[in-house]
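Per-entry structural report
Spelled out from the first residue to the last, the chains are:
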Amino acid sequence: MRLRIIKCETPVTRLNAVEEFLELPFKVYCKHDELTGFLTSGNKVRKLEFLLYDALRKNVDTVFTCGGIQSNHCRATAVAARQLGLDTVLFLRKKEDTPIQGNLLLDHMVGSRIEYLTEEEYRDIDAIFSSEKKIAESTGKKVYVIPEGGSNALGALGYVEAAREISHQLDLDEISAVYCAVGSVGTYAGMLAGLRLAGSKARALGINVTAASAETHREKAKALLQEMAHYGFSPRIRDKEIEILDGFQGPAYAVPSAEDLDLIRTLAKRTAFFLDPVYTAKAFRGALYTSREQFRNKNILFVHTGGIFSLFQEPQKYVEVPTRSM
Ligand SMILES: *Cc1c(COP(=O)(O)O)cnc(C)c1O
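Everything numeric here is computed off the predicted structure, so don't read it as measured data.

**Observations regarding the overall build of the protein**
From N to C terminus, the protein includes 11 helices and 10 strands. Dimensions of the protein, computed from the C-alpha atoms along their principal axes, are close to 60 × 60 × 35 Å. Per-residue burial for the protein yields a buried fraction of 54% across its 326 residues. Split by element, the accessible area of the protein, about 15,300 Å² in all, is 51% carbon and sulfur. Each charge class in the protein can be summarised by its mean position, and for the 42 positive and 41 negative side chains these summaries are 3 Å apart.

Right, dumping it as structure tokens:
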């Protein structure tokens, strides 16, 4: 039911240096899903193992998907699809004057067709998908559409699988809470389902990094958990176990706060633990903040979901870049 795009288990380590440097009163373990691959690094490829299996089974030749201009999901999709011999069309939310760098550079390099949409056009993405699909099909192509972030119930199974992997790597009975960033919700929903299926009672805490409210995300998580039953996964989960927290979004989606930037810079400099400005810095800050109160002397697990290429967009945010030209 899935492809093996990720070639080995990603490690779980204890972040000793981070604990010491920040003088944390709890232990932090990390599931290193920034190591799911090189060009396919991050959480999205776990969903793509299921989604692209389905695409190949349906004999398509072209994959459509969508996201922000620096979408990790679109980059992972473009790379993985090309490795499988499929073409991709990416529908990206355009910003003014977008330089081709970071994830967008990689999208171009693997030969994706890129369609830039305004914020307003992007709101009708489903209509755009269906009209573009019709056009492509009229020229003989077979198209598979992957929703934003790969977050449908099938994609979310990637994190049911990740939770199973984790359950063989450490004693989940010792873990009080598992934290991850929440964007399109598939990672969180899959993780929560996977933890319960693995028999873990750890709290699953999602940190919202988008403009949509935590309540909206909870509804989506609930819907995804129900739809997973189509694939034979139906853990019993009460509504109050779906814990998605607001308060760490910063100024806007993909815009880090001063505290996020400070955390990225100091952890890199002092411990070489790298966070990205869109997802993991916000999620890690949320994890540290809430754990100080709730999980004193306990163990937490942070799921590092990747995002490294976003760091290459605006280097001046992380180091002083000399302006001298010679
Ligand atoms: C997409 C993404 C997330 C959020 O995962 P969702 O399943 O969309 O909620 C977290 N971290 C990184 C680096 C991502 O690219």
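Moving on from the model shown.
**Considerations on the packing of helix α7 (residues 153-169) against helix α8 (residues 186-197)**
Between α7 and α8, the least distance of the axes is 7 Å, while the angle of their chain directions is 45°. Taken together, the axis directions place α7 and α8 in an arrangement best described as oblique. The two elements α7 and α8 meet at a crossing, and its hand is right-handed. Here α7 contributes A156, Y159, V160, A163 and I166 to the contact with α8, which in turn contributes G186, T187, G190, M191, A193, G194, L195 and L197.

**As for the nonpolar core**
In this structure, L52, V178, Y188, M191 and M228 are the most contacted members of the largest nonpolar core, which totals 50 residues. When contributions to this core are tallied by element, the ones reaching two or more residues are α2 (44-57), α3 (72-83), α7, β7 (177-182), α8, α9 (214-227) and β10 (299-304). It is α7 that contributes the most residues to this core, 9 residues altogether. Of the residues that make up this core, three or more belong to each of domain 1 (12-42 + 151-317) and domain 2 (44-150). Apart from the residues within four sequence positions on either side, M191 is in contact with Y159, A163, I166, V178 and V303. Judged by nonpolar contacts, the second largest core, of 31 residues, contains F248, Y279, A287 and L311.

**Digging into the pairing of β10**
Among the 6 residues in β10, 6 count as buried, and that is most of the element. Of the two faces of β10, the one holding N299, L301 and V303 and the one holding I300, F302 and H304 are both buried throughout. Examined bridge by bridge, strand β2 (residues 27-32) and β10 share 6 bridges and lie parallel to one another. Looking across to β10, one finds that K27 is bridged to N299.

**Here we look at the site of the ligand**
The immediate surroundings of the ligand are formed by 16 residues, with K44, K47, S184, T187 and T305 found nearest. In the model, an oxygen atom of the ligand is placed 3.0 Å from a nitrogen or oxygen of the N43 side chain. At a separation of 2.5 Å, an oxygen atom of the ligand approaches a polar side-chain atom of K47. In isolation the ligand has 370 Å² of accessible area, and contact with the protein removes 98% of it.

**Digging into the pattern of salt bridges**
In the structure shown here, the tally under the stated rule is 22 salt bridges. Among the salt bridges present, the one from E165 reaches R46, with a minimum N-O distance of 3.2 Å. With E165 in helix α7 and R46 in helix α2, this residue pair connects regions lying 119 residues apart in the sequence. In this pair, the class of E165 matches that of R46, namely buried. Here E241 ties to R238 by a salt bridge, and the two come within 3.4 Å at their closest N and O atoms. Salt bridges sharing common partners tie together R2, E49, E161 and R164.

**Here we look at the pairing of strand β5 (residues 113-117)**
Relative to β5, strand β4 (residues 87-93) runs parallel, the two sharing 5 bridges. When the sheet's bridge partners are listed, R93 is paired in β5 with L117.

**What about unusual backbone geometry?**
The phi angle of most residues is negative, glycine excepted, and most peptide bonds adopt the trans form. With phi around 50°, E23 is a residue other than glycine that occupies positive phi space. Turning to its location among the elements, E23 is positioned in the loop between α1 (16-22) and β2. For N59, which is not glycine, the phi torsion reads 60° and is therefore positive. For N59, a relative accessible area of 60% puts it in the exposed group.

**Overview of helix α10 (residues 258-271)**
Its 14 residues give α10 an end-to-end C-alpha distance of 19 Å, which sits within 8% of 20 Å, the value for a rise of 1.5 Å per residue. Looking at α10, one finds that the buried residues are D260, L261, L263, I264, L267 and T271. Taken end-on, α10 shows its buried residues confined to a sector of 160°, consistent with a single buried face. The exposed set on the far side of α10, more than 90 degrees from its buried face, consists of A258, K269 and R270.

What counts and how
- Residues numbered from 1 in each chain as written.
- Predicted model: local features only at pLDDT ≥ 70, side-chain atom pairs only at ≥ 80, totals over all residues.
- Heavy atoms only, no water.
- Helix = DSSP H or I, 4+ residues; strand = E, 2+ residues; numbered from the N terminus.
- Buried < 20%, exposed > 50% of the residue type's maximum accessible area, 1.4 Å probe, protein only.
- Areas by Shrake-Rupley, 256 points an atom, 1.4 Å probe, with all protein chains shown as cover.
- Lys, Arg positive; Asp, Glu negative; His and termini not counted.
- Charge placed at Lys NZ, Arg CZ, Asp CG, Glu CD.
- Axes fitted to C-alpha atoms, helices over the stretch in contact; angles between N-to-C directions.
- Parallel < 35°, antiparallel > 145°, perpendicular 65-115°, else oblique.
- Left-handed = near helix turned anticlockwise from the far one by under 90°.
- Contact = heavy atoms within 4.5 Å.
- Core = buried A, V, L, I, M, F, W, Y, C linked by side-chain atoms within 4.5 Å.
- Domains from an automatic or database assignment.
- Pairing = 2+ DSSP bridges.
- Near = heavy atom within 4 Å.
- Polar contact = N/O pair within 3.5 Å; in protein donor to acceptor, adjacent residues only side chain to side chain.
- Salt bridge = Lys/Arg side-chain N within 4 Å of Asp/Glu carboxyl O.
- Expected span 1.5 Å × (residues − 1).
- Arc of directions from axis to C-beta.

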